[in-house]
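Each chain is listed here by its residues.
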Amino acid sequence: MSAKPLSLKGLDPAQYVVYVGFLLIFAAFAVVLRDDGFLTANNLVNIVQQTAPITIMAIGMVFVLTSGEIDLSIGSVVAIAALVAAVVMRTMPWPVGVAAGLGAGALIGLVNGALVAYVRLPSFLVTLASMGLLAGVGRWLTNLQSVPVTNDVYTSIFGAGALFGIPSLILWTVIGVAVGHFVYRETPFGAHVLATGDNPRAARAAGINVDRLRLGVLVLSSMTAALAGLLYAGRLHGARYTLGETDLLTVIAAVIVGGTRLNGGTGTVVGALIGSLMMGMLNNGLILMGLSVAEQMMVRGLIILAAVALTLREARR
């Protein structure tokens, strides 16, 4: 019996663009910055650690975008969760602070989700308003003052520690991606997210509670942003209202570059991880090359523009 010849028909090259792009950028920096320490183990580990909060937020954003919604408030949620946790830990044990930070994220997600799912407001406008409101709350909460986090157990678990020689931020990245990928690909919730983003009317006809699902993905997004805030507070040994304020663009870039469509129905958690690492690698490489913050922002903007163009082209095709 002869073997069936390998056919490339039906192969979608778009889903592999992020992996090829990652390897090409890595190779370019490895050559250009070979004498500047880019390939050292410390630098590569540092890239993964720096992108851990972005990766965690990107996981939640994959679910939101796949469902056909968007969450613009995640950067402000980062600051609120970190500040709430830090303030609570001044007088309470660290687990209470963690619960308070995550609870703040859940509450924000519930409000956003209820307005989108049951009041029928566009998620873009709801989360845009939340972003501004929460930014003001963060500044008011501690009167523009940073709040130190001195609990060694907390900072070890959420940022500065290690387990069996593996930094805790890398462990959070691995656990987050593994859980996110499993939920997205192997559970009814993930299947319902895909179905809703692909065709909400058909999803309703199939018995999916679309309103509850929209509420769920926005709560999930806020919870992952809150966890990212806890990671920032652990790594930096403190919280400040500026935490996360520039992360929205990076998270969206990572998710879109990773292969999640803006108009819903398609996404990938693993792709979001690669997209996040790519953005971290770009930031690291551009800094080593001596580019300014403004120039780094311009490069990220061009990458997002190219990714959106590829996404829309693929959607039309």
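Note that the structure is a prediction, hence the values are computed from the model and not measured.

Draft legend 1. Quick peek at the side chain of D247. Locating D247 in the fold gives a position in helix 11 (residues 247-257). Overall, the relative accessible area of 8% leaves D247 in the buried class. Within the structure, D247 has its side chain in polar contact with the side chain of Y232 (distance 2.7 Å).

Draft legend 2. Summary view of the UniProt feature "transmembrane region" (unreviewed entry) in the protein chain. Here, UniProt's "transmembrane region" (unreviewed entry) annotation points to residues 16-33, 45-66, 72-89, 96-118, 124-141, 153-184 and 215-236. Segment residues 45-66 splits into 100% helix and 0% strand. End C-alpha atoms: 30 Å apart. A helix fraction of 83% and a strand fraction of 0% characterise residues 72-89, whose end C-alpha atoms lie 28 Å from each other.

Draft legend 3. A look at a nonpolar patch on the surface. Taken together, L133, V137, W140 and L141 make up a surface patch of nonpolar side chains, about 430 Å² in accessible area. Along the chain, L133 falls in helix 5 (residues 123-141). Under the relative-accessibility criterion, L133 is labelled exposed at 59%.

Draft legend 4. Expanded view of the pattern of salt bridges. Applying the stated rule across the entire model yields four salt bridges. The salt bridge involving R214 is made with E69; its shortest N-O contact spans 3.1 Å. With R214 in helix 10 (residues 210-236) and E69 in the loop between helix 2 (41-66) and helix 3 (74-88), this pair connects stretches of sequence that are 145 residues apart. Grouping residues by exposure puts R214 and E69 together as buried. A salt bridge links R204 to D211; the nearest nitrogen and oxygen atoms lie 3.1 Å apart. What makes D211 buried here is its relative accessible area of 10%.

Procedures and definitions
- Residues numbered from 1 in each chain as written.
- Predicted model: local features only at pLDDT ≥ 70, side-chain atom pairs only at ≥ 80, totals over all residues.
- Heavy atoms only, no water.
- Helix = DSSP H or I, 4+ residues; strand = E, 2+ residues; numbered from the N terminus.
- Buried < 20%, exposed > 50% of the residue type's maximum accessible area, 1.4 Å probe, protein only.
- Polar contact = N/O pair within 3.5 Å; in protein donor to acceptor, adjacent residues only side chain to side chain.
- UniProt positions renumbered as here; feature names shortened; annotations may be inferred.
- Patch = residues over 30% accessible without salt bridge, like charges linked within 9 Å, V, L, I, M, F, W, Y side chains within 5 Å.
- Areas by Shrake-Rupley, 256 points an atom, 1.4 Å probe, with all protein chains shown as cover.
- Salt bridge = Lys/Arg side-chain N within 4 Å of Asp/Glu carboxyl O.

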